[in-house]
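The primary structure of each chain is shown beneath.
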Amino acid sequence: MKVGKPKSKRVPVRLRHKIEKASAAKQRKAKKIAKKNPEWRSKTKKDPGIPNLFPYKDKILAEVEEQRRRKEEENARRRQLAKEQRLAGATTTDAMEEDDDEFEQFDAEGDELVAEDSSEDEDSMQVDKSSNPMAALLASAKARAAEFEHNEHDQDAMEDSEDEDESDAEDSVKVRKDASRKQFDKVYKQVVDSADVVLYVLDARDPTGTRSKEVEQMVMAADRSSKRLIFILNKIDLVPPPALRAWLVHLRRSFPTLPLRASKPAPNAKTFEHKDLTMKGTSETLFKALKTFAESRQLKRSVKVGIIGYPNVGKSSVINALTSRLGGRAAGCPTGAEAGVTTSLREVKLDNKLKLLDSPGIVFPNSVEGSKESKVQQKARLILLNAVPPKEIDDPVPAVTLLLKRLSSSDELFAKLMEVYDLPALHSIGSDRTTDFLVQVARKRGRLGKGGVPNIHSAAQTVINDWRDGRIQGWTSPPKYAPAEASTTKTTPATKGLVGDQKEIVKEWAAEFKLEGLWGDDSNDTTAPEAMEM
């Protein structure tokens, strides 16, 4: 059966040209639109150069210019030496064939010429070289010897100047660190001064360590005690419900406190399940409390909510938890597991009545603890608070020692630590115990150097990262409440008369935010499981 003649796939030339013209027009239009796009970027990579805000830009530019000048001088010197060697090599063979008398005569004349070269110019020296090759060779050798000694002297002087520059750089780095701390303090004061409500974010695993009484007094004393301070207990999924309830009861004796689960835990993190405290429920509760306060104030402007706290306690995550309920209409804040993600003051608008101020994390002053601890102990405590970025941790071993000491107070927590790395029980004591623990962790995690030697530093950094991400369980228990402590609490002249009865203040503020009836208000339930000691 004959199928039939197949249809040709050829198209008329007129139609083909029409398609080509339409394609070219479309590409031209796309290029034109792309150039008008503000996010358009050229494909050619440009040298970014040195930023204008870099503190050592002038010094680096001066060093580059100096290196270029030295390179040009070195090239000119090499060309001159090569020229002299060519001139001397062309006449050396003829000069060596002469007799000894003429050699001595040339030697004497060469010495005279060398003495004369110090006072004559280069033109006369070139004439002497052409007329007396042997003398030119001797003069060139002596000139090179003198130049070599001069270069050595310049190199020593340059090394001394470099050492001085390095010491100056170290001093400048210290000054820069101090300046950055002052800058953070300025940002913190700016947040407190401009905010109507201050959210103090605390880590649920160690609320006391991330809390500063001096900061609370500064907030209470600011603007005639018209500002409101609320504790936000973040990372509640890393502590068990009884411990969380005990901390809420303890903190609510000082200021209104809300539990919050701002973000999802890290992979393989050991978390606890809280039935009523979900990410959506806690964020909506906080949002409703802020809206209630904004409506009660009846201000013509937006109510500003400042967020402060230690590095890596989850300040930006709190803002993202509040903005996530808006369906992505508000811009969130960048977050990360390491400290120092937020580097400048950032303002996020929730609606017409609420604005959030995200501040960089700073280590707040705490004179009571600072006077009792050494610098190594202070650094170890800040590392366990995740307030130090991993790049700035020089020695993580003291932090691991402090972590083992805290977890050793609870047999349950210490047993869970051993289960994380699948290690047997440790029998050593003190620093030997830390070394034994880190050696076994290095073998389990493959942190070995040449010859299979355990890398203690790398193993300690692994433990710190696991603690930061919640893979190692550990929490503190609140101190025992003594009613007599309230009457013996010391007050500063700035806060005297402002604080008054703390219970009345907490009750009044809770009414403004309508916090009554929230989970954990039962003050009679103060039981908590055994936990690590501070």
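If you're wondering where the values come from, they're calculated on a predicted model, not measured in any experiment.

Right, let's get into the overall build of the protein chain. Along its length, the protein chain carries 17 helices and six strands. Going through the 534 residues of the protein chain one by one, you find that 35% of them count as buried. In the protein chain, the proportion of contacts linking residues at least 24 apart, taken out of those at least 6 apart, comes to 72%. Per element, the accessible surface of the protein chain, about 33400 Å² overall, is 52% carbon and sulfur.

The next thing to look at is the confidence of the model for the protein chain. Scored by pLDDT, the protein chain has a mean of 75; 68% of the residues are at 70 or more. The low-confidence segment residues 327–331, where pLDDT is below 50, has six contacts with residues more than four positions distant or belonging to other chains.

We now examine helix α6 (residues 213–221). Count 3.6 residues to each turn of an α-helix, and residues three or four apart come out pointing the same way. Among all positions of α6, only Val215, Glu216, Val219 and Met220 are buried. Projected down its long axis, α6 carries its buried residues within an arc of 135°, all on one side. Two residues or fewer past α6, Asp223 is found with a positive phi of approximately 55°.

Counted by the stated rule, this structure contains five aromatic pairs. A ring pair is formed by Phe231 and Phe255, whose centres lie 5.3 Å apart and whose planes are at 75°; its orientation type is edge-to-face. One end of the pair, Phe231, is in strand β2 (residues 228–234); the other, Phe255, is in the loop between α7 (241–251) and β3 (257–259), and 24 residues separate them in sequence. Each member of the pair Phe231 and Phe255 is classed as buried. Consider the rings of Phe293 and Phe513, whose centres lie 4.8 Å apart with planes at 10°: the pair is stacked. Of this pair, Phe293 sits in helix α8 (residues 279–297) while Phe513 sits in helix α17 (residues 502–513), placing them 220 residues apart in sequence. Here Phe293 matches Phe513 in class, with each residue buried. Among the aromatic residues, those joined into a cluster by ring pairs are Tyr200, Phe231 and Phe255. Over the ring of Trp467 we find Arg205; its NZ or CZ atom is 4.8 Å from the centre of that ring.

Now for the pairing of strand β5 (residues 346–351). Sheet topology note: the β5/strand β6 (residues 354–358) ladder contains five bridges and is antiparallel. Residue pairing across strands places Val348 opposite Leu356, the latter belonging to β6. Linkage of β5 to β6, two consecutive antiparallel strands, is achieved through a turn of two residues.

Take the pattern of salt bridges next. Side chains that carry opposite charge are capable of pairing whenever their charged atoms lie near each other. Per the counting criterion, the structure on display carries 19 salt bridges. The partner of Arg78 in a salt bridge is Glu74, with the nearest N and O atoms 3.2 Å apart. With a gap of four residues between them, Arg78 and Glu74 both fall in helix α2 (residues 57–96), about one helical turn apart. Given a relative accessible area of 54%, Arg78 falls into the exposed group. Arg301 is paired through a salt bridge with Asp196; the nearest N and O atoms lie 2.9 Å apart. You can see Arg301 sitting in the loop between α8 and β4 (303–308) and its partner Asp196 sitting in the loop between α5 (133–194) and β1 (197–203), a full 105 residues away along the chain. For Arg301, a relative accessible area of 43% gives the class partly exposed.

Moving on, we get to unusual backbone geometry. At Lys235, a position not held by glycine, the phi torsion is positive, near 60°. Residue Asp422 is not a glycine yet carries a positive backbone phi of 55°. Checked against the element boundaries, Asp422 lands in the loop between α13 (411–421) and α14 (431–445). When its relative accessible area of 56% is taken as the criterion, Asp422 is described as exposed.

Our focus in this paragraph is the environment of Ile236. Mapping Ile236 onto the fold places it in the loop between β2 and α7. A sequence separation of 36 residues divides Ile236 from Phe272, and the C-alpha atoms of the two residues are 8.2 Å apart. Leave out the neighbours within four places in its chain, and Ile236 touches Ala204, Leu244, Pro259, Leu260, Arg261, His274 and Leu277.

Rules used in this analysis
- All residue numbers refer to position in the chain's written sequence, counted from 1.
- Two thresholds apply to this predicted model, a pLDDT of at least 70 for residue-level local features and 80 or more for giving and counting side-chain atom pairs, whereas whole-chain, interface and lining totals are computed over all residues.
- Calculation of side-chain values draws on the structure's entire complement of heavy atoms; hydrogens and water are dropped beforehand.
- Starting at the N terminus, helices and strands are each numbered in turn, a helix being any DSSP run of H or I of at least four residues and a strand any DSSP run of E of at least two.
- Partly exposed residues are those whose accessible area sits between 20% and 50% of the maximum for their type, while under 20% is buried and over 50% is exposed, using a 1.4 Å probe and protein chains only.
- Residues are treated as being in contact if the distance between any of their heavy atoms lies within 4.5 Å.
- With residues, only the protein chains shown are counted as cover, and all accessible areas are computed by Shrake-Rupley using a 1.4 Å probe.
- pLDDT is a residue-level measure of predictor confidence that goes from 0 to 100.
- Picture the helix axis, draw a direction to every C-beta atom, and the arc is the one those directions span.
- Two rings from Phe, Tyr or Trp (for Trp, the six-membered ring) form a pair when their centres sit within 6.5 Å of each other. Planes less than 30 degrees apart are called stacked, planes more than 60 degrees apart edge-to-face, and all others tilted.
- Either the NZ atom of lysine or the CZ atom of arginine qualifies as a charge over a ring when it sits within 6 Å of the ring centre and within 35 degrees of the ring normal.
- At least two bridges found by DSSP between two strands are what make those strands a pair.
- Salt bridge, as used here, is a side-chain nitrogen of Lys or Arg placed within 4 Å of a carboxyl oxygen of Asp or Glu.

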